[in-house]
Amino acid sequence: MITDAGIAVRPLDLRDSTVFTVMGDNGLPVLDAIVEFWDPAADRSTDVPVVSLRTTADGSVRFSPAAMAEIWTDLAAVVRVGDIATDVDYQWGEAAVTVNVEAPGGIDGSVPLDVPFVIAATGSIVDEIARLRENMITVAQQIDALPSAPDVRFGMTVYRDVGDVFVTRTFDFTDDLDEFLAALGDVQAEGGGDYPEALDEALADALEKPAWRRDGAVQLMFLIADAPPQVERGVQQPYTATAIAAAEAGVKIFPVAASGTDDQAEYVMRDLAFVTGGRFVFLSYGAGGATATGDRTDISADDYDELPLDKLGVRLVKDELAALAGELGETQTTTTTVPVTTTTYEQ
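What you see is a predicted model; the values in this text were computed from it and never measured.

### Digging into the pattern of salt bridges
Under the counting rule described, the total for this entry stands at 16 salt bridges. Linking Arg-54 and Asp-215 is a salt bridge whose minimum nitrogen-to-oxygen distance equals 3.0 Å. Of this pair, Arg-54 sits in strand β3 (residues 51–54) while Asp-215 sits in the loop between α4 (199–208) and β11 (218–225), and the two are 161 residues apart along the sequence. On the accessibility criterion, Arg-54 (18% relative accessible area) is buried. A relative accessible area of 56% means that Asp-215 is categorised as exposed. In this structure, Arg-153 engages Asp-114 in a salt bridge whose closest nitrogen and oxygen atoms are separated by 3.0 Å. Linking Arg-153 in strand β9 (residues 151–159) with Asp-114 in strand β8 (residues 112–120), this pair joins segments that are 39 residues apart in sequence. On the basis of relative accessible area, Arg-153 is assigned to the buried category, the value being 16%. For Asp-114, a relative accessible area of 0% corresponds to the buried category. Here the residues in one salt-bridge network are Asp-114, Asp-151, Arg-153 and Arg-213, joined through shared partners.

Laid out in C-alpha coordinates, this is it:
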(Lines give C-alpha, C1' and ligand atoms only; values in the text may rest on other atoms or scores of the structure.)
Protein backbone atom coordinates (compact mmCIF):
# COMPACT_ATOMS: atom_id res chain seq x y z
CA MET A 1 0.00 0.00 0.00
CA ILE A 2 1.22 3.47 -0.84
CA THR A 3 0.22 4.70 2.63
CA ASP A 4 2.72 2.24 4.14
CA ALA A 5 5.44 4.34 2.49
CA GLY A 6 4.16 7.44 4.27
CA ILE A 7 2.55 8.94 1.17
CA ALA A 8 -0.77 10.68 1.87
CA VAL A 9 -3.74 10.11 -0.44
CA ARG A 10 -7.47 10.36 0.00
CA PRO A 11 -8.95 6.92 0.81
CA LEU A 12 -10.52 5.11 -2.14
CA ASP A 13 -10.95 1.35 -1.71
CA LEU A 14 -10.99 -0.24 -5.17
CA ARG A 15 -10.86 -3.88 -4.13
CA ASP A 16 -13.34 -6.37 -5.63
CA SER A 17 -14.09 -4.11 -8.60
CA THR A 18 -16.10 -5.54 -11.48
CA VAL A 19 -16.16 -4.30 -15.07
CA PHE A 20 -19.65 -4.61 -16.57
CA THR A 21 -19.84 -4.41 -20.36
CA VAL A 22 -23.23 -3.98 -22.03
CA MET A 23 -23.51 -5.33 -25.58
CA GLY A 24 -26.43 -4.81 -27.95
CA ASP A 25 -28.14 -7.49 -30.02
CA ASN A 26 -26.18 -6.28 -33.07
CA GLY A 27 -22.86 -7.10 -31.41
CA LEU A 28 -21.94 -3.47 -30.67
CA PRO A 29 -21.42 -1.88 -27.24
CA VAL A 30 -24.25 0.17 -25.78
CA LEU A 31 -23.47 3.79 -24.91
CA ASP A 32 -25.57 5.33 -22.12
CA ALA A 33 -26.93 2.11 -20.68
CA ILE A 34 -27.61 2.50 -16.96
CA VAL A 35 -26.14 -0.18 -14.70
CA GLU A 36 -27.94 -0.10 -11.35
CA PHE A 37 -27.12 -1.84 -8.08
CA TRP A 38 -30.05 -2.45 -5.76
CA ASP A 39 -30.72 -3.51 -2.21
CA PRO A 40 -32.28 -6.96 -2.83
CA ALA A 41 -35.11 -6.02 -0.44
CA ALA A 42 -35.90 -2.70 -2.14
CA ASP A 43 -39.11 -1.94 -4.02
CA ARG A 44 -37.83 -0.96 -7.48
CA SER A 45 -41.05 0.83 -8.32
CA THR A 46 -40.65 3.36 -5.50
CA ASP A 47 -37.09 3.16 -4.15
CA VAL A 48 -33.83 4.23 -5.78
CA PRO A 49 -30.73 2.13 -6.47
CA VAL A 50 -27.74 2.27 -4.15
CA VAL A 51 -25.43 2.93 -7.13
CA SER A 52 -26.22 3.93 -10.72
CA LEU A 53 -23.50 4.05 -13.41
CA ARG A 54 -23.69 5.14 -17.07
CA THR A 55 -21.83 3.12 -19.71
CA THR A 56 -19.14 4.76 -21.84
CA ALA A 57 -18.40 4.32 -25.57
CA ASP A 58 -17.13 0.75 -25.12
CA GLY A 59 -20.31 -0.17 -23.25
CA SER A 60 -18.54 -0.51 -19.90
CA VAL A 61 -18.72 0.68 -16.32
CA ARG A 62 -16.47 -0.25 -13.41
CA PHE A 63 -18.30 -1.04 -10.17
CA SER A 64 -16.08 -0.65 -7.09
CA PRO A 65 -18.32 -1.70 -4.19
CA ALA A 66 -16.07 -0.66 -1.30
CA ALA A 67 -15.81 2.87 -2.71
CA MET A 68 -19.32 3.27 -4.13
CA ALA A 69 -21.48 1.19 -1.77
CA GLU A 70 -19.53 1.07 1.46
CA ILE A 71 -22.04 -0.61 3.78
CA TRP A 72 -23.17 -3.30 1.35
CA THR A 73 -21.81 -6.80 0.81
CA ASP A 74 -24.33 -7.90 -1.80
CA LEU A 75 -26.42 -5.97 -4.31
CA ALA A 76 -28.65 -6.99 -7.21
CA ALA A 77 -27.52 -5.65 -10.60
CA VAL A 78 -29.91 -4.38 -13.28
CA VAL A 79 -29.05 -2.95 -16.71
CA ARG A 80 -31.50 -0.46 -18.22
CA VAL A 81 -31.51 0.52 -21.89
CA GLY A 82 -34.47 2.79 -22.48
CA ASP A 83 -37.53 0.91 -21.25
CA ILE A 84 -35.75 -2.46 -21.27
CA ALA A 85 -34.50 -3.76 -17.89
CA THR A 86 -32.25 -6.81 -17.70
CA ASP A 87 -31.37 -8.53 -14.43
CA VAL A 88 -27.71 -9.52 -14.25
CA ASP A 89 -26.39 -12.74 -12.76
CA TYR A 90 -22.95 -12.03 -11.30
CA GLN A 91 -20.75 -12.91 -8.36
CA TRP A 92 -19.66 -10.20 -5.91
CA GLY A 93 -16.09 -9.24 -6.81
CA GLU A 94 -16.15 -10.99 -10.20
CA ALA A 95 -13.55 -9.36 -12.45
CA ALA A 96 -15.63 -8.91 -15.60
CA VAL A 97 -19.26 -9.44 -16.62
CA THR A 98 -20.74 -9.09 -20.11
CA VAL A 99 -24.43 -8.29 -20.32
CA ASN A 100 -26.26 -8.89 -23.61
CA VAL A 101 -29.44 -6.84 -24.02
CA GLU A 102 -32.27 -6.90 -26.54
CA ALA A 103 -31.51 -3.44 -27.91
CA PRO A 104 -29.12 -2.20 -30.58
CA GLY A 105 -25.61 -1.05 -29.69
CA GLY A 106 -23.42 1.46 -31.47
CA ILE A 107 -24.67 4.79 -32.73
CA ASP A 108 -26.03 6.08 -36.04
CA GLY A 109 -24.73 9.25 -37.64
CA SER A 110 -22.30 11.75 -36.16
CA VAL A 111 -21.19 10.99 -32.62
CA PRO A 112 -21.64 13.83 -30.08
CA LEU A 113 -18.25 14.21 -28.36
CA ASP A 114 -17.52 16.48 -25.38
CA VAL A 115 -13.81 16.89 -24.54
CA PRO A 116 -12.81 19.18 -21.66
CA PHE A 117 -9.18 19.76 -20.68
CA VAL A 118 -8.34 20.25 -16.99
CA ILE A 119 -4.99 22.02 -16.86
CA ALA A 120 -2.75 22.93 -13.94
CA ALA A 121 -1.79 26.51 -14.82
CA THR A 122 1.22 26.76 -12.50
CA GLY A 123 4.77 27.81 -13.26
CA SER A 124 6.07 24.24 -13.27
CA ILE A 125 3.91 23.21 -16.23
CA VAL A 126 4.55 26.07 -18.65
CA ASP A 127 6.18 23.79 -21.27
CA GLU A 128 3.16 21.48 -21.38
CA ILE A 129 0.74 24.38 -21.87
CA ALA A 130 2.86 25.72 -24.73
CA ARG A 131 2.89 22.27 -26.33
CA LEU A 132 -0.87 21.95 -25.90
CA ARG A 133 -1.42 25.29 -27.65
CA GLU A 134 0.77 24.17 -30.54
CA ASN A 135 -1.01 20.85 -30.91
CA MET A 136 -4.68 21.74 -30.44
CA ILE A 137 -5.29 22.76 -34.04
CA THR A 138 -3.83 19.47 -35.26
CA VAL A 139 -5.78 17.51 -32.65
CA ALA A 140 -9.09 19.17 -33.58
CA GLN A 141 -8.51 18.72 -37.29
CA GLN A 142 -7.64 15.04 -36.92
CA ILE A 143 -10.62 14.36 -34.66
CA ASP A 144 -12.93 16.17 -37.07
CA ALA A 145 -11.57 14.03 -39.93
CA LEU A 146 -12.21 10.70 -38.21
CA PRO A 147 -14.47 8.30 -40.17
CA SER A 148 -17.18 8.62 -37.51
CA ALA A 149 -17.30 12.42 -38.10
CA PRO A 150 -17.84 13.29 -34.42
CA ASP A 151 -19.70 16.43 -33.42
CA VAL A 152 -16.93 17.60 -31.10
CA ARG A 153 -16.93 20.39 -28.55
CA PHE A 154 -13.95 21.45 -26.45
CA GLY A 155 -13.99 22.95 -22.97
CA MET A 156 -11.42 23.80 -20.33
CA THR A 157 -10.88 24.22 -16.60
CA VAL A 158 -7.58 25.74 -15.49
CA TYR A 159 -6.49 25.76 -11.88
CA ARG A 160 -3.76 26.83 -9.49
CA ASP A 161 -4.04 26.80 -5.72
CA VAL A 162 -5.52 28.62 -2.75
CA GLY A 163 -3.66 31.92 -2.32
CA ASP A 164 -2.95 32.38 -6.04
CA VAL A 165 -4.69 34.96 -8.25
CA PHE A 166 -7.40 32.36 -8.87
CA VAL A 167 -8.12 28.80 -7.79
CA THR A 168 -10.12 27.58 -10.80
CA ARG A 169 -11.54 29.04 -14.00
CA THR A 170 -13.88 27.11 -16.28
CA PHE A 171 -14.64 27.79 -19.95
CA ASP A 172 -17.82 26.15 -21.22
CA PHE A 173 -17.93 23.79 -24.20
CA THR A 174 -17.75 25.29 -27.65
CA ASP A 175 -17.72 23.86 -31.16
CA ASP A 176 -15.85 26.96 -32.32
CA LEU A 177 -12.18 25.95 -32.42
CA ASP A 178 -10.97 29.54 -32.75
CA GLU A 179 -12.89 30.49 -29.60
CA PHE A 180 -11.36 27.58 -27.70
CA LEU A 181 -7.84 28.36 -28.93
CA ALA A 182 -8.27 31.99 -27.92
CA ALA A 183 -9.20 30.89 -24.39
CA LEU A 184 -6.27 28.49 -24.31
CA GLY A 185 -3.96 31.25 -25.55
CA ASP A 186 -4.95 33.40 -22.57
CA VAL A 187 -3.83 30.75 -20.06
CA GLN A 188 -0.73 31.95 -18.23
CA ALA A 189 1.26 29.46 -16.16
CA GLU A 190 2.43 30.96 -12.87
CA GLY A 191 1.91 30.62 -9.13
CA GLY A 192 1.65 27.31 -7.31
CA GLY A 193 4.40 28.02 -4.80
CA ASP A 194 4.18 24.69 -2.96
CA TYR A 195 3.96 21.34 -4.73
CA PRO A 196 0.32 20.23 -4.17
CA GLU A 197 -2.41 22.15 -6.00
CA ALA A 198 -6.19 22.63 -6.12
CA LEU A 199 -6.85 19.47 -8.12
CA ASP A 200 -9.92 18.59 -6.03
CA GLU A 201 -11.68 21.85 -6.87
CA ALA A 202 -10.66 21.73 -10.52
CA LEU A 203 -12.07 18.26 -11.16
CA ALA A 204 -15.31 19.12 -9.36
CA ASP A 205 -15.74 22.28 -11.43
CA ALA A 206 -14.91 20.51 -14.70
CA LEU A 207 -17.60 17.95 -14.04
CA GLU A 208 -20.28 20.28 -12.68
CA LYS A 209 -19.96 23.69 -14.38
CA PRO A 210 -19.86 23.04 -18.16
CA ALA A 211 -23.03 22.18 -20.10
CA TRP A 212 -22.33 18.50 -20.83
CA ARG A 213 -24.67 16.88 -23.34
CA ARG A 214 -24.79 13.65 -21.29
CA ASP A 215 -27.38 11.41 -23.02
CA GLY A 216 -26.02 9.99 -26.25
CA ALA A 217 -22.66 11.77 -26.02
CA VAL A 218 -19.16 10.37 -25.62
CA GLN A 219 -17.55 12.25 -22.72
CA LEU A 220 -13.75 12.28 -22.34
CA MET A 221 -11.90 14.45 -19.83
CA PHE A 222 -8.14 15.07 -20.15
CA LEU A 223 -6.33 16.11 -16.96
CA ILE A 224 -2.85 17.60 -17.50
CA ALA A 225 -1.00 18.00 -14.21
CA ASP A 226 2.32 17.50 -12.49
CA ALA A 227 1.30 17.65 -8.82
CA PRO A 228 -1.14 15.95 -6.43
CA PRO A 229 -4.09 17.63 -4.70
CA GLN A 230 -3.85 19.21 -1.25
CA VAL A 231 -4.92 16.01 0.52
CA GLU A 232 -4.33 17.47 3.98
CA ARG A 233 -6.80 20.30 3.31
CA GLY A 234 -10.54 19.91 3.73
CA VAL A 235 -12.48 20.53 0.52
CA GLN A 236 -16.16 20.58 -0.37
CA GLN A 237 -15.78 17.73 -2.88
CA PRO A 238 -12.59 15.63 -2.90
CA TYR A 239 -11.26 14.10 -6.11
CA THR A 240 -12.41 10.67 -4.91
CA ALA A 241 -16.04 11.83 -4.89
CA THR A 242 -15.64 13.47 -8.30
CA ALA A 243 -14.19 10.26 -9.76
CA ILE A 244 -17.28 8.35 -8.63
CA ALA A 245 -19.59 11.13 -9.88
CA ALA A 246 -17.81 10.98 -13.27
CA ALA A 247 -18.40 7.22 -13.43
CA GLU A 248 -22.07 7.80 -12.63
CA ALA A 249 -22.27 10.32 -15.49
CA GLY A 250 -20.33 8.20 -18.00
CA VAL A 251 -17.30 10.50 -18.15
CA LYS A 252 -13.91 8.86 -18.71
CA ILE A 253 -10.90 10.65 -17.22
CA PHE A 254 -7.52 10.42 -18.96
CA PRO A 255 -4.88 11.81 -16.57
CA VAL A 256 -1.73 13.07 -18.31
CA ALA A 257 1.21 13.17 -15.91
CA ALA A 258 3.62 15.98 -16.81
CA SER A 259 7.30 16.25 -15.95
CA GLY A 260 8.07 16.24 -12.24
CA THR A 261 5.11 14.05 -11.27
CA ASP A 262 5.88 12.07 -8.10
CA ASP A 263 4.47 8.82 -6.69
CA GLN A 264 1.67 10.60 -4.81
CA ALA A 265 0.41 12.42 -7.90
CA GLU A 266 0.70 9.29 -10.05
CA TYR A 267 -1.29 7.26 -7.53
CA VAL A 268 -4.08 9.85 -7.59
CA MET A 269 -4.09 9.89 -11.39
CA ARG A 270 -4.25 6.11 -11.57
CA ASP A 271 -7.24 6.13 -9.21
CA LEU A 272 -9.04 8.62 -11.46
CA ALA A 273 -8.38 6.52 -14.54
CA PHE A 274 -9.34 3.26 -12.85
CA VAL A 275 -12.68 4.39 -11.45
CA THR A 276 -13.83 5.98 -14.72
CA GLY A 277 -12.38 3.41 -17.15
CA GLY A 278 -9.84 5.83 -18.60
CA ARG A 279 -6.11 5.37 -19.10
CA PHE A 280 -3.16 6.80 -17.23
CA VAL A 281 -0.81 8.71 -19.53
CA PHE A 282 2.56 10.32 -18.87
CA LEU A 283 4.76 12.81 -20.67
CA SER A 284 8.47 12.23 -21.11
CA TYR A 285 11.24 14.44 -22.43
CA GLY A 286 13.88 12.99 -24.69
CA ALA A 287 14.81 12.05 -28.21
CA GLY A 288 12.53 9.01 -28.28
CA GLY A 289 13.34 5.34 -28.03
CA ALA A 290 14.52 3.67 -24.82
CA THR A 291 15.81 6.94 -23.32
CA ALA A 292 12.45 8.73 -23.43
CA THR A 293 11.53 7.84 -19.83
CA GLY A 294 14.90 8.85 -18.37
CA ASP A 295 17.69 6.91 -16.71
CA ARG A 296 15.96 6.09 -13.41
CA THR A 297 12.61 4.78 -14.57
CA ASP A 298 11.46 1.31 -13.51
CA ILE A 299 8.95 1.13 -16.38
CA SER A 300 9.86 -1.36 -19.07
CA ALA A 301 9.69 -0.20 -22.68
CA ASP A 302 7.34 -3.15 -23.26
CA ASP A 303 4.77 -1.57 -20.93
CA TYR A 304 3.98 1.57 -22.91
CA ASP A 305 3.57 3.03 -26.38
CA GLU A 306 5.38 6.23 -27.30
CA LEU A 307 3.63 8.98 -29.25
CA PRO A 308 3.75 12.77 -29.68
CA LEU A 309 1.23 14.62 -27.55
CA ASP A 310 -1.12 15.49 -30.41
CA LYS A 311 -1.16 11.95 -31.84
CA LEU A 312 -1.69 10.49 -28.39
CA GLY A 313 -4.79 12.62 -27.77
CA VAL A 314 -6.23 11.77 -31.15
CA ARG A 315 -5.56 8.06 -30.67
CA LEU A 316 -7.31 7.96 -27.31
CA VAL A 317 -10.37 9.63 -28.85
CA LYS A 318 -10.19 7.42 -31.93
CA ASP A 319 -10.07 4.29 -29.78
CA GLU A 320 -13.20 5.36 -27.90
CA LEU A 321 -15.16 6.00 -31.09
CA ALA A 322 -13.83 2.83 -32.73
CA ALA A 323 -15.06 0.79 -29.76
CA LEU A 324 -18.54 2.21 -30.26
CA ALA A 325 -18.43 1.17 -33.92
CA GLY A 326 -16.99 -2.28 -33.14
CA GLU A 327 -13.80 -1.44 -35.04
CA LEU A 328 -11.23 -1.45 -32.21
CA GLY A 329 -8.32 -3.73 -33.02
CA GLU A 330 -4.91 -4.28 -31.54
CA THR A 331 -3.04 -1.01 -31.14
CA GLN A 332 0.44 -0.84 -32.65
CA THR A 333 3.39 0.61 -30.76
CA THR A 334 4.67 3.87 -32.22
CA THR A 335 7.97 5.63 -31.52
CA THR A 336 8.91 9.23 -32.16
CA THR A 337 11.83 11.61 -32.04
CA VAL A 338 9.74 14.68 -31.24
CA PRO A 339 11.38 16.53 -28.27
CA VAL A 340 8.25 16.25 -26.14
CA THR A 341 6.81 12.75 -26.35
CA THR A 342 3.87 11.08 -24.72
CA THR A 343 3.79 7.57 -23.41
CA THR A 344 0.86 5.51 -22.25
CA TYR A 345 0.20 2.24 -20.51
CA GLU A 346 -2.83 0.58 -19.04
CA GLN A 347 -3.93 1.06 -15.42
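### Observations regarding the packing of α4 against helix α5 (residues 239–249)
With their axes 8 Å apart at the nearest point, α4 and α5 run at an angle of 25° to one another. It follows that α4 is roughly parallel to α5 by the angle criterion. For α4 against α5, the interelement crossing comes out left-handed. Residues Asp-200, Leu-203, Ala-204 and Leu-207 of α4 lie in contact with α5, whose contacting residues are Tyr-239, Thr-242, Ala-245 and Ala-246. Counted by class, the contact of α4 with α5 contains 6 nonpolar, 1 polar and 1 charged residues.

### What to know about empty space enclosed by the protein
Counting across every chain of the model gives 1 cavity of 30 Å³ or more. Roughly 130 Å³ of volume is contained in the largest cavity. Lining the largest cavity are 14 residues, with Phe-117, Leu-132, Phe-222, Leu-309 and Gly-313 positioned closest to its centre. Of all the secondary-structure elements, those providing two or more residues to the lining of the largest cavity are β8, α2 (126–144), β11 and α7 (309–325).

Rules and cut-offs
Residues numbered from 1 in each chain as written. Predicted model: local features only at pLDDT ≥ 70, side-chain atom pairs only at ≥ 80, totals over all residues. Heavy atoms only, no water. Salt bridge = Lys/Arg side-chain N within 4 Å of Asp/Glu carboxyl O. Helix = DSSP H or I, 4+ residues; strand = E, 2+ residues; numbered from the N terminus. Buried < 20%, exposed > 50% of the residue type's maximum accessible area, 1.4 Å probe, protein only. Axes fitted to C-alpha atoms, helices over the stretch in contact; angles between N-to-C directions. Parallel < 35°, antiparallel > 145°, perpendicular 65-115°, else oblique. Left-handed = near helix turned anticlockwise from the far one by under 90°. Contact = heavy atoms within 4.5 Å. Nonpolar A, V, L, I, M, F, W, Y, C, P; charged D, E, K, R; others polar. 1 Å grid on protein atoms, 1.4 Å probe; cavity = no way out; pocket = protein on both sides within 12 Å on 5 of 7 lines; lining within 4 Å. Points joined across faces, edges and corners; volume = space filled by probe spheres on them.

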